[in-house]
Amino acid sequence: SQKIEQNSEALNIQEGKTATLTCNYTNYSPAYLQWYRQDPGRGPVFLLLIRENEKEKRKERLKVTFDTTLKQSLFHITASQPADSATYLCALPYSGGYQKVTFGTGTKLQVIP
Amino acid sequence: EAQVTQNPRYLITVTGKKLTVTCSQNMNHEYMSWYRQDPGLGLRQIYYSMNVEVTDKGDVPEGYKVSRKEKRNFPLILESPSPNQTSLYFCASSSGGKVTDTQYFGPGTRLTVL
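Overview of the structure. (Residues numbered from 1 in each chain as written. Chains lettered and ligands numbered in written order. Predicted model: local features only at pLDDT ≥ 70, side-chain atom pairs only at ≥ 80, totals over all residues. Heavy atoms only, no water.)

## Details of the packing of aromatic side chains
All names here are of chain A.
- Using the criterion set out here, one finds 12 aromatic pairs over all chains in the structure.
- Ring geometry for Tyr-36 and Phe-46: centres 5.7 Å apart, planes at 75°, overall edge-to-face. Pair noted here: Tyr-36 is in strand β4 (residues 32-38) and Phe-46 is in strand β5 (residues 45-51), with a separation of 10 residues, a long-range link.
- Residue classification places Tyr-36 among the buried residues on the basis of a relative accessible area of 0%. (Phe/Tyr/Trp six-rings, centres within 6.5 Å; stacked < 30°, edge-to-face > 60°. Helix = DSSP H or I, 4+ residues; strand = E, 2+ residues; numbered from the N terminus. Buried < 20%, exposed > 50% of the residue type's maximum accessible area, 1.4 Å probe, protein only.)

Right under this line is the structure:
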């Protein structure tokens, strides 16, 4: 069955540095991948979608890459700020359709002032 | 304001007592979905609906029912709740009929089944 792996350990970085989060997947060739941000006790908020034919996508300080050969997506936050502290989730559609989706367990990012 | 609302936000109940968690969106979205979130397991899809009267199972549908009689509403029904359904529940919606579109999540409902 398809599986998504995100680093379950929290990532602590210094303010101003670039944070890099990883999403690996197996047994699947998704047409796209999404990244969400989730703050404690709140619903996820959509950040970026990258399609299989897009190697990289940017939005302000955010950058996502998608390597279908490595079956991996990297999520970067440049010039990180304490307000970026949150859990970041990646999500992929189910094989065979765009109606179902699988989420990773998320990586908790802590930006230290 | 465009939003997804859920009620109640917090609920403590006992095993076997039927309950309904409501979900409503004001964005005229066709696609709606329910998820549960548990520590270490992440978000798991329970049911989804691509339009009125069209619903289908997600990854963990056992013990849950849904209905989609109106476009804006997508209630989650637990006919006979059990302690293993204690979880944080999220409703989400997206435009179009597929999850490829941006999903907007509700604030969550924290359910405890004793």
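Alright, that's what it looks like, and here's the rest.
## Details of the interface of chain B and chain A
- Between chain B and chain A, the contact holds 25 residues from the first and 21 residues from the second.
- Both faces considered, chain B and chain A share a buried interface measuring about 1,700 Å² in area, 55% of it formed by carbon and sulfur atoms.
- Linking chain B to chain A there are 2 residue pairs in polar contact (both at pLDDT 80 or more).
- Elements with a minimum of two residues in the side of chain B that touches chain A: β4 (31-38) and β5 (42-51) of chain B.
- No other element matches the 5 residues that β5 of chain B contributes to the side of chain B that touches chain A.
- Taken together, the residues that form the side of chain B that touches chain A break down as 10 nonpolar, 10 polar and 5 charged. (Contact = heavy atoms within 4.5 Å. Buried area = accessible area lost by both parts, 1.4 Å probe. Polar contact = N/O pair within 3.5 Å; in protein donor to acceptor, adjacent residues only side chain to side chain. Nonpolar A, V, L, I, M, F, W, Y, C, P; charged D, E, K, R; others polar.)

## Some words on the pairing of strand β11 (residues 109-113) of chain B
Residues and elements named next belong to chain B.
- Of the two faces of β11, the one holding Thr-109, Leu-111 and Val-113 is buried and the one holding Arg-110 and Thr-112 is not buried anywhere.
- The sheet contact formed by strand β2 (residues 10-13) and β11 spans 4 bridges and is parallel. Within β11, the position partnered with Ile-12 by the bridge is Thr-112.
- Taken together, the 3 bridges between strand β9 (residues 87-94) and β11 define a ladder with antiparallel strand orientation. If you follow Tyr-89 over to β11, its bridge partner there is Thr-109. (Pairing = 2+ DSSP bridges.)

## A look at the sheet that holds strand β1 (residues 4-7) of chain B
Residue and element names in this part refer to chain B.
- Spatially, β1-β3-β8-β7 is the arrangement adopted by the 4 strands of the open sheet, whose pairing is antiparallel. Lying at the two open borders of the sheet, with one neighbouring strand each, are β1 and β7 (65-66).
- Relative to strand β8 (residues 76-78), strand β3 (residues 19-25) is paired through 3 bridges, and the arrangement is antiparallel. Bridge pairing in β8 links Thr-20 to Ile-77.

## A look at the side chain of Gln-37 of chain B
- Tracing the sequence through the fold places Gln-37 of chain B in strand β4.
- Overall, the relative accessible area of 17% leaves Gln-37 of chain B in the buried class.
- Among all residues touching Gln-37 of chain B, those that are not within four sequence positions of it are Gln-38 of chain A together with Gly-42, Leu-43, Ser-87, Leu-88 and Phe-90 of chain B.

## Looking at the state of the cysteines
- All chains considered together, the criterion is met by 2 disulfides over all chains.
- The residue that forms a disulfide with Cys-23 of chain A is Cys-90 of chain A, at a sulfur-sulfur distance of 2.0 Å. Negative torsions about the S-S bond denote left-handed disulfides, and the value of about 70° found for Cys-23 of chain A with Cys-90 of chain A makes this one right-handed. Pair noted here: Cys-23 of chain A is in strand β3 (residues 19-26) and Cys-90 of chain A is in strand β9 (residues 86-93), with a separation of 67 residues, a long-range link. In this pair, the class of Cys-23 of chain A matches that of Cys-90 of chain A, namely buried.
- One disulfide in the model links Cys-23 of chain B with Cys-91 of chain B; its S-S distance is 1.8 Å. Because the torsion about its S-S bond is -75°, the bridge between Cys-23 of chain B and Cys-91 of chain B counts as left-handed. Of this pair, Cys-23 of chain B sits in strand β3 while Cys-91 of chain B sits in strand β9, and the two are 68 residues apart along the sequence. (Disulfide = S-S within 2.5 Å.)

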